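So the chains spell out like this:
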Amino acid sequence: QHYFIQSNLRPSSPMSPIPLSSPNEVEVEFLNDPTKKDEYMEHISTKLSLPRDPVVVDVGANIGAFSCRIAQYLEGREGSARVFAIEPFAELFNHLSKNTASFAAVKCRKLAIGTKRGELKGTYLPNYTLLSGFHVSEEDKAMLENLAGRSLDKEFAPQYETVQCLPLSEFLDQEQLTGRIDILKIDVEKAELDVLKSLGDRLADVGCVVAEVHEENLSEFVRVLEERYGKGRCWVSEKDLPKFTLGGTPEKWADQLNTYIVFAH
C-alpha cells in the first residue's frame, strides 16, 4: 500500500509529497497530518548549517519518513549526501527499502543498535509499528488505554523477532565512517540512551543529535549531550501527540505523556 506524506519543510524551497509504502495506513495519516509539527526537521532546517557532503545516521528508521525527508531536503547540493537508515524489524525494513529506493543518498541497513554486539529479541507491533521495539510493556499499554478510553489489544498484538545488534561505534567502523557524522537521529522507543552511549568516544564526531527521549532517560540523555556540546546547547520540547491511535482531547493528555524531542548541536 502507498500513502503520501507532506514534506514542505523549507519555505524557500517547498518539497513534493513523498509516497510511502506502509503496513499501517493510519500511522501514515498521522505523519501526514498538516497540523502535526515535524520536530526533527524543524530543528534541522532552522538551526543547522550543513556541509556540502553531509553524513546522516537515522537509528530507528521505521518505514523511512525521516530518511526520505532529510534526503529530499539535501537534494540539489553540489556535494553528495549520505543517509544511513537503520531498522531492525523485517516488515518495516522492507517498506523502508521501497520508500527510499528513489533516493540515491539513502543506504538501508537491517540492524538494531545497542550497547552490545549479538542477538536481541524485539517486539514488533504490526498495528502500531511506531511503538515497536525492545521495551514494549504492559504499563505503556495500560497508560495509553487510559488515555484512549478503550482497549488497545489490537494495537498491542505482538509478533516477536530476533534481530542482530551492534554498538553504534562498531556500525560506524563497519561502514568506514571514520570522520564526522553531521546528524544523528534516534527514535527507538526507550532504547535511546543505549544508542547514545554505544557511540563511546565517537560522540565527539557527531555534529547534531535529534532524538525522541522518554522521561525515564531524559536527565541522563541531556547530561551526556551537555557534556559533549556544552550548557545551553540542548533543547527539549514536548513530542506531538499520537492522535491517530488515541482520539479524544489532546490538550488533556500532556501531563500523562512521557516523551520529548531533544535536539543538541
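Scroll up to find the structure this text is about.
Since this is a predicted model, take the numbers as computed values, not measurements. (Residues numbered from 1 in each chain as written. Predicted model: local features only at pLDDT ≥ 70, side-chain atom pairs only at ≥ 80, totals over all residues. Heavy atoms only, no water.)

Draft legend 1. Representation of the pairing of strand E4 (residues 82–86). Within E4, 4 of the 5 residues are buried, which leaves it mostly tucked inside the rest of the structure. With 5 bridges joining them, strand E3 (residues 55–59) and E4 adopt parallel strand pairing. The partner of Val55 across the bridge, within E4, is Arg82. In this sheet, strand E5 (residues 106–109) lies alongside E4 in parallel orientation, the contact comprising 4 bridges. (Buried < 20%, exposed > 50% of the residue type's maximum accessible area, 1.4 Å probe, protein only. Helix = DSSP H or I, 4+ residues; strand = E, 2+ residues; numbered from the N terminus. Pairing = 2+ DSSP bridges.)

Draft legend 2. Quick look at the packing of helix H2 (residues 39–47) against helix H3 (residues 65–74). In the contact formed by H2 and H3, the axes pass within 11 Å of each other and the chain directions differ by 20°. By the criterion of interaxial angle, the relationship of H2 to H3 is roughly parallel. Considering how the two elements wind past one another, H2 and H3 form a crossing that is right-handed. Contacts between H2 and H3 pair Tyr40, Met41, Ile44 and Ser45 from the former with Phe66, Arg69, Ile70 and Tyr73 from the latter. In terms of residue class, the contact of H2 with H3 is built from 6 nonpolar, 1 polar and 1 charged. (Axes fitted to C-alpha atoms, helices over the stretch in contact; angles between N-to-C directions. Parallel < 35°, antiparallel > 145°, perpendicular 65-115°, else oblique. Left-handed = near helix turned anticlockwise from the far one by under 90°. Contact = heavy atoms within 4.5 Å. Nonpolar A, V, L, I, M, F, W, Y, C, P; charged D, E, K, R; others polar.)

Draft legend 3. Expanded view of the nonpolar core. Formed by 36 residues in total, the largest nonpolar core has its most connected members in Val59, Leu168, Leu184, Val209, Phe221 and Leu225. At the level of elements, E3, E4, helix H6 (168–174), strand E9 (183–186), helix H7 (192–197), strand E10 (209–214), helix H8 (215–229) and strand E12 (259–264) are the ones that each hand at least two residues to this core. A per-element tally of this core places H8 first, with 6 residues. In this view, Leu184 contacts Val57, Val59, Leu168, Leu199, Val206, Cys208, Val209 and Val210; residues no more than four positions away in its chain are not counted. (Core = buried A, V, L, I, M, F, W, Y, C linked by side-chain atoms within 4.5 Å.)

Draft legend 4. Region of interest: the side chain of Ser137. Along the chain, Ser137 falls in the loop between strand E7 (118–124) and helix H5 (138–148). From its side chain, Ser137 meets the backbone nitrogen of Asp140 in a polar contact 3.1 Å long. (Polar contact = N/O pair within 3.5 Å; in protein donor to acceptor, adjacent residues only side chain to side chain.)

Draft legend 5. Representation of the sheet that holds E12 within the structure. The mixed open sheet is built from 7 strands, whose spatial order is E5-E4-E3-E9-E10-E12-E11. The open sheet is flanked by E5 and strand E11 (234–238), the only strands paired with a single partner. Averaged over all pairs of adjacent strands, the angle between strand axes in this sheet comes to 20°, irrespective of strand direction. The pairing of E9 with E10 spans 3 bridges and is parallel. Within E10, the residue paired with Ile186 across the bridge is Ala211. Here H8 sits on the sheet in contact with E9, E10, E11 and E12, set at roughly 155° to E10.

Draft legend 6. Representation of the environment of Arg228 in the model. Structurally, Arg228 is set in helix H8. Spatially, the C-alpha atom of Arg228 lies 9.3 Å from that of Val206, the residues being 22 residues apart in sequence. Excluding residues that lie within four positions of it along the chain, Arg228 makes contacts with Leu203, Ala204 and Val206. At 3.0 Å, the side chain of Arg228 and the backbone oxygen of Leu203 are in polar contact.

Draft legend 7. Fine view of the sheet that holds strand E6 (residues 112–113). Sheet architecture is open: 3 strands sit in the order E6-E8-E7, paired in mixed fashion. Since the sheet does not close on itself, it has two edges, and those belong to E6 and E7, each with one partner. Pairing geometry for E6 and strand E8 (residues 159–166), over 2 bridges, is parallel. Residue pairing across strands places Ile113 opposite Leu166, the latter belonging to E8.

Draft legend 8. Spotlight on unusual backbone geometry. Look at Asn62: it is not a glycine, yet its phi comes out positive at around 55°. Mapping Asn62 onto the fold places it in the loop between E3 and H3. Under the relative-accessibility criterion, Asn62 is labelled buried at 12%. Backbone geometry places Glu189, a non-glycine residue, at a positive phi of 50°. Mapped onto the elements, Glu189 comes out in the loop between E9 and H7.

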